Amino acid sequence: MPAGVYETEINVPIEEVWDFVSSINNWAPLVPGYITHDIISDDESTWEFKGDLGFMKKTVKLKVDITEWRAPNLVTFDLSGTSDNFKGDGYFEAEKIDDTTTKMTGSLNITAGGAMGPMINSILKSFVPKTAEQLTIAVAEEIARVKAK
C-alpha cells in the first residue's frame, strides 16, 4: 500500500491544534488539488480533488469516514473511492512537546484496485508521501496563521 508519514513541530499549544483539526471544514480545503467537500455527518464527508500523477491529472472523489476523534491528539479516517477504485486510511496525531509546542504527524495510505491498480500503485508510491507531507505542512501553517490573528 503506498504510504506517507510526515511530522513537524509548531509553536502552538496542543489544545489549539485540536480546535483546528477537530473540524473537517478547516483541513479538507488544504488537501493538495482541493476542489470541494461536503459534510454528510460528524463522521462522514465526501471530498473531490485533482490529483497530478505526473503523466495524467485526474479528478478523484473520495468518501472520508472518521473512525476516531480522540481529543486532544488523534483523528483517524478511512478513505474509499466513489469515482475510482481507491481505498485507504490516515490520521492526524498531535503530541504535546511543552505548553506552547506541539508535534504534528500526518499519515496517509492509498491503494488503487482493479485492472489498472498495479500501474497506478507504482505511481502512488511517490505521490502519497508527497501528499502526506504537503497536507501536514499546510495544516501546520494554517494553524499558525489562524493563531497569529
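Residues numbered from 1 in each chain as written. Predicted model: local features only at pLDDT ≥ 70, side-chain atom pairs only at ≥ 80, totals over all residues. Heavy atoms only, no water.

Q: Explain the environment of K130 to me, please; I cannot follow it from the model alone.
A: For K130, the location among the structural elements is in helix 3 (residues 117-148). When its relative accessible area of 47% is taken as the criterion, K130 is described as partly exposed. Linking K130 and V60, residues 70 residues apart in sequence, is a C-alpha distance of 17 Å. (Helix = DSSP H or I, 4+ residues; strand = E, 2+ residues; numbered from the N terminus. Buried < 20%, exposed > 50% of the residue type's maximum accessible area, 1.4 Å probe, protein only.)

Q: Help me out: how do you make sense of the nonpolar core in this one?
A: Across soluble globular proteins, you tend to see nonpolar side chains buried next to one another. Core analysis: the largest hydrophobic core is formed by 38 residues, its most contacted members being V21, W27, F86, M104, L124, V139 and I143. When residues of this core are traced back to their parent elements, those giving at least two are helix 1 (14-21), helix 2 (24-27), strand 3 (44-52), strand 4 (57-70), strand 5 (74-81), strand 6 (86-98), strand 7 (101-112) and helix 3. No other element matches the ten residues that helix 3 contributes to this core. Beyond its immediate sequence surroundings of up to four residues, F86 is in contact with V60, L62, L79, S80, G81, I110, T111, A112, I120 and L124. (Core = buried A, V, L, I, M, F, W, Y, C linked by side-chain atoms within 4.5 Å. Contact = heavy atoms within 4.5 Å.)

Q: Would you explain the pattern of salt bridges in this entry?
A: Enumeration according to the criterion identifies eight salt bridges in this entry. Note that D65 and K63 form a salt bridge whose closest N and O atoms lie 3.0 Å from each other. A residue is classified by how much of its surface remains accessible, and K63, at 22% relative accessible area, is partly exposed. A salt bridge links R70 to E68; the nearest nitrogen and oxygen atoms lie 2.9 Å apart. Taking the relative accessible area as the measure of exposure, E68 reaches 31% and is therefore partly exposed. Several salt bridges converge on common partners, so that one network encompasses E7, E95 and K103. (Salt bridge = Lys/Arg side-chain N within 4 Å of Asp/Glu carboxyl O.)

Q: Before we go on, may I ask you to explain helix 1 in this structure?
A: Two residues of an α-helix separated by three or four positions point the same way, owing to the 3.6 residues in each turn. All of the buried residues in helix 1 are I14, V17, W18, F20 and V21. Projected down its long axis, helix 1 carries its buried residues within an arc of 160 degrees, all on one side. (Arc of directions from axis to C-beta.)

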